[in-house]
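Close look at the chain arrangement
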Amino acid sequence: MNPSGALNPSPRTLDVESVVHFDRLVGAGAASMHGWHAQSLDLRGRSRELLSLSPQGAIFLGCTFDDGVEETLRGRGALIFPKLRGVPFNPYRGSLYTAQELYEDISATEYEDTLDAKVYQWSILPGQRSSLDATLAAALHDHAIGDALDEALQNGAFPGSMLVGVMGGHAAQRGTREFADAARLGRLLAQAGLTVATGGGPGAMEAANMGAYLSETHDDDFRAALQALAGVPGFRPSVTAWAREAAAVVDHHPEGTATLGIPTWFYGHEPPNLFATHIAKYFANAIREAILLELCNGGIVFLPGSAGTVQEIFQDACENYYGAPETVTPMVLVGREHWERSFPAWPMLQSLAAGRPMAERIFLVDTVEEAVDIVAGRAGRPVQER
């Protein structure tokens, strides 16, 4: 499985990444577009070039052409996926989301009027989940997001080559010890040179993204941000107020450290947090979860959580259980009382790991500092900079 989950073209397919790339290919003397794969490009004004090249075997997804060109290309052998009408998102988008896009103008706009909310509203319309058009649009979108995530990783969008996942409950409220611990965890991981990846939602996920985002700020500024966020503890009853408080912190610190969030519209009641600089938001939750686990090549830290976090622990454990020894990554559970008694995942995890290579890569600790020492130390990162 490809880490991004993208349905990648074959190795002989050439991704035409931009109009500039298209012009460069034409200028280099190309006679055919066979194997070219163009997505969401505005090719108006290039009719002469398009019609002078053989389009047999070319693929165009959601591209814009001058009048009459699309029909001609299709008639000459190109495969053209048209723009889908009545869809509030671009199924062929070429980049990851940002919080600014999903929450555009949130300081003056109610959450219900944002792109994030509109897409979720579209996804739950009566009959939508059984609609062929809606299913196609969602599948094309998730493929495009996977492709964009691949590109971001390959092009060095994140400061560290090692991604460490932080999993934990969505119910952790701002202003609580649980939220502060998760934020400190994200901050320490980023300060150790690791990239923080989360499920992109609220609670512990928001806290970890926030801590990583503010990892280069002074301790006083970090504490002030935590205190400011505590003014709106959670996204209920108002996502708008919750998002505006976070947006104010981001506006005050616009140059934060890059951090990844991978949320889903499947859980539409959980809004994405604003501290992930790169957001890979999917419709399909199963794909989203598998991608997040696979991308975390530096291991995963599991903070106290309930059903969702328990599921993620054993989904990751399954990968490590059957994986080659070289692919096994650290699993660090934080909170002995929680994972031994409240939700006793640790005894089961120990039983699974017994006698297998993963046995040396599972850990139960009490503090986030201990968790950072484990994953940063195993990645060869300095941890004394805290």
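Structure: see above.
Residues numbered from 1 in each chain as written. Predicted model: local features only at pLDDT ≥ 70, side-chain atom pairs only at ≥ 80, totals over all residues. Heavy atoms only, no water.

Of all the residues in helix H14 (residues 345-353), the buried ones are Ala345, Trp346, Leu349 and Ala353. Considered in projection along H14, the buried side chains sweep an arc of 95 degrees and stay on one side of the axis. Where H14 is buried, its residues meet helix H12 (307-322), strand S10 (331-334), helix H13 (336-342) and strand S11 (362-365). Among the residues trailing H14, Gly355 stands out with phi positive, at a value near 80 degrees. (Buried < 20%, exposed > 50% of the residue type's maximum accessible area, 1.4 Å probe, protein only. Helix = DSSP H or I, 4+ residues; strand = E, 2+ residues; numbered from the N terminus. Arc of directions from axis to C-beta. Contact = heavy atoms within 4.5 Å.)

The next point concerns the side chain of Thr257. Structurally, Thr257 can be placed in the loop between helix H10 (239-252) and strand S7 (260-261). Note on Thr257: relative accessible area 11%, which makes it buried. Engagement of the side chain of Thr257 in a polar contact is seen with the side chain of Ser215, the distance being 3.0 Å. If we ignore the near neighbours within four places in the chain, the residues touching Thr257 are Pro159, Ala212, Tyr213, Ser215, Glu216 and Thr277. (Polar contact = N/O pair within 3.5 Å; in protein donor to acceptor, adjacent residues only side chain to side chain.)

Glycine aside, residues mostly have negative phi angles, and peptide bonds mostly take the trans form. Looking along the chain, the bond that leaves Arg236 and enters Pro237 is cis, with omega of 10 degrees. By the secondary structure assignment, Pro237 is in the loop between helix H9 (219-229) and H10. Of note, Ser40 is a non-glycine position whose phi angle comes to about 55 degrees, a positive value. Relative to the elements of secondary structure, Ser40 occurs in the loop between strand S2 (36-39) and helix H2 (47-52). Phi at Asp105 is positive, roughly 55 degrees, even though this residue is not glycine. On the basis of relative accessibility, which here comes to 46%, the residue Asp105 falls in the partly exposed class.

In a beta sheet, neighbouring strands pair by backbone hydrogen bonds and run either parallel or antiparallel. Read across the open sheet, the 4 strands follow the order S1-S2-S3-S4; overall the sheet is parallel. If you trace the sheet from one side to the other, it starts and ends with strand S1 (14-16) and strand S4 (79-81), each paired once. Within the sheet, the average angular offset between the axes of one strand and its neighbour, ignoring direction, is 15 degrees. Sheet analysis places S1 next to S2, joined by 3 bridges and oriented parallel. Following the sheet pairing, Leu14 is matched in S2 by Trp36. Against the sheet, helix H1 (residues 19-27) makes contact with S1 and S2, and its axis sits at roughly 120 degrees relative to S1, the strand it touches most. (Pairing = 2+ DSSP bridges. Axes fitted to C-alpha atoms, helices over the stretch in contact; angles between N-to-C directions.)

Applying the stated criterion to the full structure yields 12 aromatic pairs. With a centroid separation of 5.9 Å and 40 degrees between ring planes, the pair formed by Tyr103 and Tyr111 is classed as tilted. An identical accessibility class is assigned to Tyr103 and Tyr111; each is buried. Centroid distance Phe266 to Tyr267: 5.2 Å. Interplanar angle 75 degrees. Geometry classified as edge-to-face. The class for Phe266 is partly exposed, based on a relative accessible area of 43%. Overall, the relative accessible area of 29% leaves Tyr267 in the partly exposed class. (Phe/Tyr/Trp six-rings, centres within 6.5 Å; stacked < 30°, edge-to-face > 60°.)

Further remarks concern the sheet that holds strand S5 (residues 163-167). With respect to topology, 7 strands assemble into an open sheet ordered S8-S7-S6-S5-S9-S10-S11, the strand pairing being parallel. Since the sheet does not close on itself, it has two edges, and those belong to strand S8 (278-279) and S11, each with one partner. Pairing of S10 with S11 involves 4 bridges; the strand directions are parallel. Paired with Val332 across the two strands is Phe363, which belongs to S11.

All right, on to the state of the cysteines then. Counted according to the given criterion, the structure contains 0 disulfides. Cys318 provides the cysteine sulfur closest to Cys296, a residue in no disulfide bond, and the two sulfurs are 16 Å apart. Judged by relative accessible area, which is 1%, Cys296 ranks as buried. (Disulfide = S-S within 2.5 Å.)

Another point: empty space enclosed by the protein. By the definition in use, this model includes 2 cavities of 30 Å³ or more. Its volume calculated, the largest cavity comes out at about 50 Å³. Every residue lining the largest cavity is listed: Gly199, Gly200, Gly201, Met205, Pro263, Thr264, Tyr267, Glu270 and Arg288. By volume, the second largest cavity amounts to about 30 Å³. If you go around the second largest cavity, the residues you meet are Met167, Glu289, Leu292, Leu293, Glu312 and Gln315. With 3 residues, helix H11 (residues 285-295) is the single largest residue contributor to the lining of the second largest cavity. For the lining of the second largest cavity, the residue count by class is 3 nonpolar, 1 polar and 2 charged. (1 Å grid on protein atoms, 1.4 Å probe; cavity = no way out; pocket = protein on both sides within 12 Å on 5 of 7 lines; lining within 4 Å. Points joined across faces, edges and corners; volume = space filled by probe spheres on them. Nonpolar A, V, L, I, M, F, W, Y, C, P; charged D, E, K, R; others polar.)

With that settled, the discussion passes to the pattern of salt bridges. Taken as a whole and judged by the stated rule, the model has 16 salt bridges. Its salt-bridge partner being Arg244, residue Glu110 comes within 3.6 Å of it at the nearest N-O pair. Highlighted residues: Glu110 in the loop between helix H4 (99-102) and helix H5 (115-123) and Arg244 in helix H10, separated in sequence by 134 residues. Taking the relative accessible area as the measure of exposure, Arg244 reaches 31% and is therefore partly exposed. Residue Glu340 is joined to Arg341 by a salt bridge in which the shortest nitrogen-to-oxygen separation is 3.7 Å. Assessed through its relative accessible area of 32%, Glu340 is described here as partly exposed. With relative accessibility at 54%, the residue Arg341 sits in the exposed group. One connected set of salt bridges, linked through shared partners, spans Arg177, Asp181, Arg184 and Glu369. (Salt bridge = Lys/Arg side-chain N within 4 Å of Asp/Glu carboxyl O.)

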